[in-house]
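Geometric and topological summary
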Amino acid sequence: EGLTAFHFARQLSEDDPEKWFRLGEKSLACLKTWAMHSTWNWANKYLLLEAECHFSKGQAEEAKKKYYLAVEYARQHRFVHEEGLANELFSTFHASSGNTSGASHHISQARVCYERWGAFAIVERLDALLE
């Protein structure tokens, strides 16, 4: 819910972005509570949602830090599918600012994660982007 809300806040600016920000921030507050009680399971998810929040607000440096941490926590905690998602969204962040090398690096990393996870349909979708 939170990832979708922040995405819509960025994409649907004429459709009351504040409504989407509020929904995203509600999800962020919920994940923060969960992350405080079980860091292992929830920290990477919370960091990724924080990154998306900062990205949606135009806070590029904070977003970059949170994306990096989300990828690292997912990797350390062996959530390969969530590492893939964090890399994929980090790629979108880089692409939005014209950083093609960062975007390419992270989409390639996402592809590796999804392949390891066995999500071959996602791998095919990413391969089409990489061509």
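These notes cover the structure that comes with them. Just so you know, these numbers come straight off a predicted model, no measurement behind them.

Reading guide: rules and limits
- Residues numbered from 1 in each chain as written.
- Predicted model: local features only at pLDDT ≥ 70, side-chain atom pairs only at ≥ 80, totals over all residues.
- Heavy atoms only, no water.
- Helix = DSSP H or I, 4+ residues; strand = E, 2+ residues; numbered from the N terminus.
- Rg over C-alpha atoms; globule rule 2.2 N^0.38 Å.
- Buried < 20%, exposed > 50% of the residue type's maximum accessible area, 1.4 Å probe, protein only.
- Contact = heavy atoms within 4.5 Å.
- Phe/Tyr/Trp six-rings, centres within 6.5 Å; stacked < 30°, edge-to-face > 60°.
- Lys NZ or Arg CZ within 6 Å of the ring centre and 35° of its normal.
- Salt bridge = Lys/Arg side-chain N within 4 Å of Asp/Glu carboxyl O.
- Core = buried A, V, L, I, M, F, W, Y, C linked by side-chain atoms within 4.5 Å.

What follows is about the overall build of the protein. Scanning the protein for helices and strands turns up seven helices and zero strands. By the compact-globule yardstick of 14 Å for 131 residues, the protein fits well, its C-alpha radius of gyration being 14 Å. Along the first, second and third principal axes, the C-alpha atoms of the protein reach 35 × 35 × 25 Å. By the burial criterion, 43% of the 131 residues in the protein qualify as buried. Considering only contacts in the protein between residues 6 or more positions apart, those separated by 24 or more positions represent 44%.

Per the stated rule, a full pass over the model turns up seven aromatic pairs. A ring pair is formed by Phe8 and Trp20, whose centres lie 4.8 Å apart and whose planes are at 70°; its orientation type is edge-to-face. Taken as a pair, Phe8 in helix H1 (residues 2–11) and Trp20 in helix H2 (residues 17–37) lie far apart in primary sequence, twelve residues in all. Judged by its relative accessible area of 15%, Trp20 falls in the buried class. Between Tyr67 and Phe90, the ring centres sit 5.1 Å apart and the planes meet at 15°, which makes this aromatic pair stacked. With Tyr67 in helix H4 (residues 60–76) and Phe90 in helix H5 (residues 80–96), this residue pair connects regions lying 23 residues apart in the sequence. As far as the burial class goes, Tyr67 and Phe90 line up, both buried. Pairwise contacts between aromatic rings join Phe55, Tyr67, Phe90 and Phe93 into one cluster. Its guanidinium or amino end placed over the ring of Trp42, Lys45 lies 5.2 Å from that ring's centre, counting from NZ or CZ. The ring of Phe79 carries Lys45 above its face, with NZ or CZ at 4.5 Å from the centroid.

For the rest of this paragraph, the subject is the environment of Ser27. Along the chain, Ser27 turns up in helix H2. Residue Ser27 is classed as buried on the basis of its relative accessible area, which comes to 12%. Taking the C-alpha atoms as reference points, Ser27 and Tyr73, separated by 46 residues in sequence, lie 19 Å from one another. Residues contacting Ser27, with those up to four places away along its chain left out, are Glu1, Gly2 and Leu49.

Backbone geometry places Arg78, a non-glycine residue, at a positive phi of 65°. Mapping Arg78 onto the fold places it in the loop between H4 and H5. According to the relative accessible area criterion, Arg78 is exposed, its value standing at 69%.

The next subject is the pattern of salt bridges. Enumeration over the complete set of coordinates arrives at ten salt bridges. As a salt-bridge pair, Glu50 and Lys66 come within 3.3 Å of each other at their nearest N and O atoms. Of this pair, Glu50 sits in helix H3 (residues 39–56) while Lys66 sits in helix H4, and the two are 16 residues apart along the sequence. Each member of the pair Glu50 and Lys66 is classed as buried.

A few words on the nonpolar core. If you look at the biggest cluster of nonpolar residues, it comprises twelve residues: Leu47, Leu48, Ala51, Phe55, Ala63, Tyr67, Ala70, Val71, Ala86, Leu89, Phe90 and Phe93. Mapped onto this core, the elements with two or more residues apiece are H3, H4 and H5. Leaving out residues up to four positions away in the same chain, Phe93 has contacts with Phe55, Ala60, Ala63, Lys64 and Tyr67. Residues Trp20, Leu28, Ala35 and Cys53 belong to the second largest nonpolar core, which totals eleven residues.

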